[in-house]
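Breakdown of the fold
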Amino acid sequence: MDDDQDDAEMDDCEVGGSHLTDFACRDAILQSKTLKLFENFLELGGDRDVAVEYLSSSYAGVPKMINLLIQWLQIAGCKQKEVQGMVEEHFTSVILKHFDPKKADRVLVEGGETPTWLEEMIQFPKWRQLLYQLSEQHTECILLKFALKLIRDAGYQDEFVTASTRDSQFDVYAASVVKSLTHVVKAKPDTCDSHVKDFAELASHSQHTYLYTQVVLQALGTASEDHGSDNPHIAQWLSHQLLRHNLARSRDVVKTFLHTMAVGTYSRLFEALSSMLSRNTLNPADISILYEHYTTEDDPPPVEYLHIPQLLELLVQSLFKPGLSINPEHKHKITHKPLLRTRPTWRPQEKHWRLPMHSASRPAHHMLSCKQR
């Protein structure tokens, strides 16, 4: 029993000692947690006079001195806005240089509630920008993730100007995707291209964001088909635009794109499409694989696999680009696939569907067959 009492007293001493350590920190009396620490110290039997001495000795009055210096600068003729800008820039550079994510996380975890200073901080544009910069440098910091959530909930998510800021928290990024998609769907003809470009930049920041966005588009397309709306074609068109955007920047996203379309179910077809799209060139062996899948199988793959614009461009170039010749044995295989692609096409600039005329299929087939005879 005595041993247990001794252990309790030792624990109290250790806690009291940690309190005194906190009280000894510079300007500890100005910290929001100090009042609770002081009350807890007294409950543990700590000496009030000792605590007061520690707090008074550690007081340096740095904030007061800063305010005094600001007043002197204003008296010297500096404008208030100019002085405020100087002080904010200095604080920003100091915080960016010395910010410790571990200490910041302890503030949030040990406090158990949202710090009042953080709630006040996000009300000012300058300090929100500082939080964005810190979140880009310390992507795993719990406090900064929480701060971004507070900023989003407060309605400032439009300020997330960099994709890395959005990516640091999934729900923030997901909300950005929804908003960007809404802009694309509701865009007027003269702003459509701009919104599509912004959407592609957002989705292409990393492999993870690209995969997530492509899966979302595929899911939207499937859900729209189930409800009989035209949205699946819009979703497919956007999916193709993401692929085109990344291929133009030499990014290896073809296999990811094909997997989101479930092309991997057909392994040989997957490899053929992957090879041609990645190299941006046709291959007779790959063309033969595509032809076999769609002409000799009782249950051919979905024709949507041939709706990829980059694939169609390669096929058309092989037929009509001057100087290119086609092996007669493969010509009918190439002319077969564009006809399979006949379908309504979404025209984003004109905001309507362009329907192909079935009567045009026969002369088109004749024209393609006669090419390079």
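Residues numbered from 1 in each chain as written. Predicted model: local features only at pLDDT ≥ 70, side-chain atom pairs only at ≥ 80, totals over all residues. Heavy atoms only, no water.

What to know about the overall build of the chain
- Regarding its fold elements, the chain presents 20 helices and two strands.
- A total of 373 residues make up the chain; the buried ones form 35% of that total.
- Of the contacts made within the chain by residues no fewer than 6 positions apart, 60% connect residues no fewer than 24 positions apart. (Helix = DSSP H or I, 4+ residues; strand = E, 2+ residues; numbered from the N terminus. Buried < 20%, exposed > 50% of the residue type's maximum accessible area, 1.4 Å probe, protein only. Contact = heavy atoms within 4.5 Å.)

Structural notes on the pattern of salt bridges
- Under the counting rule described, the total for this entry stands at seven salt bridges.
- Two residues, Arg152 and Asp153, come together in a salt bridge whose shortest N-O distance is 2.9 Å.
- Classification of Asp153 as partly exposed rests on a relative accessible area of 47%.
- With a shortest N-O distance of 3.7 Å, Glu292 and Arg268 are connected by a salt bridge. Taken as a pair, Glu292 in helix α17 (residues 284-295) and Arg268 in helix α16 (residues 267-279) lie far apart in primary sequence, 24 residues in all.
- Given the relative accessible area of 35%, Glu292 is considered partly exposed.
- By relative accessible area, Arg268 is classed as partly exposed at 43%. (Salt bridge = Lys/Arg side-chain N within 4 Å of Asp/Glu carboxyl O.)

Some thoughts on a nonpolar patch on the surface
- A cluster of nonpolar side chains, namely Leu68, Leu69, Trp72 and Ile75, defines an oily patch on the protein surface of about 450 Å² accessible area.
- Inspection of the secondary structure puts Leu68 in helix α4 (residues 62-75). (Patch = residues over 30% accessible without salt bridge, like charges linked within 9 Å, V, L, I, M, F, W, Y side chains within 5 Å. Areas by Shrake-Rupley, 256 points an atom, 1.4 Å probe, with all protein chains shown as cover.)

Details of the environment of Val216
- Position of Val216 relative to the elements: it lies in helix α13 (residues 207-226).
- For Val216, a relative accessible area of 21% puts it in the partly exposed group.
- Counting along the chain gives 23 residues from Val216 to Ser239, while the straight-line C-alpha distance between them is 9.5 Å.

Structural notes on the packing of aromatic side chains
- Counted according to the given criterion, the structure contains two aromatic pairs.
- Judged by centre distance (5.8 Å) and plane angle (80 degrees), the rings of Phe23 and Phe41 are edge-to-face. Here the residue Phe23 occupies a position in helix α1 (residues 2-23), and Phe41 occupies one in helix α2 (residues 34-43), the gap between them amounting to 18 residues. Phe41 matches Phe23 in its accessibility class, with the two residues each being buried. (Phe/Tyr/Trp six-rings, centres within 6.5 Å; stacked < 30°, edge-to-face > 60°.)

Some points on the nonpolar core
- Counting residues in hydrophobic clusters, the biggest one holds 41 residues, and the most contacted among them are Phe199, Leu238, Leu258, Val263, Leu273, Leu290 and Leu311.
- Of all hydrophobic cores here, the second largest spans 18 residues; its members include Met121, Ile122, Leu150 and Ile151. (Core = buried A, V, L, I, M, F, W, Y, C linked by side-chain atoms within 4.5 Å.)

A short note on the layout of surface pockets
- Considered as a void within the structure, the largest pocket measures approximately 2600 Å³ in volume.
- As for the largest pocket, its lining consists of 46 residues, and the residues nearest its centre are Leu30, Gln31, Ser32, Val107 and Trp117.
- Elements represented by at least two residues in the lining of the largest pocket include exactly α1, α2, α4, α5 (80-98), α6 (101-111), α7 (116-121), α8 (125-137) and α9 (142-153).
- Element by element, the count of residues in the lining of the largest pocket is highest for α5, at eight residues.
- The residue inventory of the lining of the largest pocket, partitioned by class, reads 25 nonpolar, 10 polar and 11 charged. (1 Å grid on protein atoms, 1.4 Å probe; cavity = no way out; pocket = protein on both sides within 12 Å on 5 of 7 lines; lining within 4 Å. Points joined across faces, edges and corners; volume = space filled by probe spheres on them. Nonpolar A, V, L, I, M, F, W, Y, C, P; charged D, E, K, R; others polar.)

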